[in-house]
Amino acid sequence: MSEYTMSRAPSDGELLYRLSRGDEPAYRMLHDRHQAPVFRTSLVLMRTTWDAEEVAATAFFELWRKRDKVRVVDGSVLPWLLATTSYAAKNSLRSRRRYQRLLNRIPHDGDVPDHADEVVRAMDALKISRSVRQALLELNPRDASVVVLCVVHELPASEAAVVLGIPEGTVKSRLSRVKAKLRGTLHEYAPTSEEANA
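Residues numbered from 1 in each chain as written. Predicted model: local features only at pLDDT ≥ 70, side-chain atom pairs only at ≥ 80, totals over all residues. Heavy atoms only, no water.

**Some remarks on the packing of helix H8 (residues 141–152) against helix H10 (residues 168–185)**
- Relative orientation of the contacting elements H8 and H10 amounts to 95°, with a least axis distance of 9 Å. The angle between H8 and H10 places the two elements in the roughly perpendicular class. Across the interface between the two elements, Arg142, Asp143, Val146, Val147, Cys150 and Val151 of H8 pack against Val171, Arg174, Leu175, Arg177, Val178 and Lys179 of H10.
- Its residues placed into classes, the contact of H8 with H10 shows seven nonpolar, no polar and five charged. (Axes fitted to C-alpha atoms, helices over the stretch in contact; angles between N-to-C directions. Helix = DSSP H or I, 4+ residues; strand = E, 2+ residues; numbered from the N terminus. Parallel < 35°, antiparallel > 145°, perpendicular 65-115°, else oblique. Contact = heavy atoms within 4.5 Å. Nonpolar A, V, L, I, M, F, W, Y, C, P; charged D, E, K, R; others polar.)

**Comments concerning the side chain of Thr48**
- Topologically, Thr48 is positioned in the loop between helix H3 (24–45) and helix H4 (49–65).
- From its side chain, Thr48 meets the backbone nitrogen of Asp51 in a polar contact 3.0 Å long. (Polar contact = N/O pair within 3.5 Å; in protein donor to acceptor, adjacent residues only side chain to side chain.)

**Examining the nonpolar core**
- By size, the foremost hydrophobic cluster in this structure holds 49 residues, and its most contacted members are Val38, Leu63, Leu81, Leu149 and Val171.
- Counting only elements with at least two residues in this core, the list comes to helix H2 (12–20), H3, H4, helix H5 (78–105), helix H7 (130–137), H8, helix H9 (157–164) and H10.
- Sequence-distant contacts of Leu81, defined by excluding residues within four places in its chain, comprise His34, Val38, Ala59, Phe60 and Leu63. (Core = buried A, V, L, I, M, F, W, Y, C linked by side-chain atoms within 4.5 Å. Buried < 20%, exposed > 50% of the residue type's maximum accessible area, 1.4 Å probe, protein only.)

Read these as spatial facts, not as claims about activity.
Shown next as structure tokens:
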């Protein structure tokens with residue numbers, strides 16, 4: 001084996017192939033390589049760091065479970081992981097809302113602890129405003145995935161289309177529709193007339 005082969009880090013495609021054969025070290029390498037951006041995306045979408053950790057873990061569990069169906073985009077599994085993270089976050093929030101509605105019907109003594117301080121700390125660390133975060137949380141999972149891939153992680157529409165398994169034109173139309181909707185919601189981020197004409 002050459003010195004180059006021994007020193008070269010395996011690509012995501014190689015690791016995914018090994019993972020499809022049940023190679024656990026390959027899974028650990030993919031996890032270590034992509035854990036940080038997956039967790040950051042989870043933090044944007046979830047209410048607490050604990051919830052974000054749970055969603056990130058779900059995304060990596062899906063990587064293991066669906067290892068034969070994962071799409072590699074431009075040599076990376078990260079776009080697939082980010083789309084999966086977005087879907088996992090939406091599912092988690094939907095389940096929590098149902099659970100909270102059930103809890104609200106049950107009489108209880110005292111107040112439930114508020115996680116607002118933790119959310120504020122996370123928002124400060126991510127440099128994302130509460131209004132932007134709320135707007136992202138209100139999107140449906142398909143639109144949120146397009147925003148996470150194309151806006152947050154700046155993937156081209158063609159690569160987002162591969163990840164999501166939809167035509168590139170669909171990605172572009174969803175992105176255009178979501179941007180128009182968010183412009184209406186997030187007035188403070190609308191460009192000034194000078195910026196629009198620049």
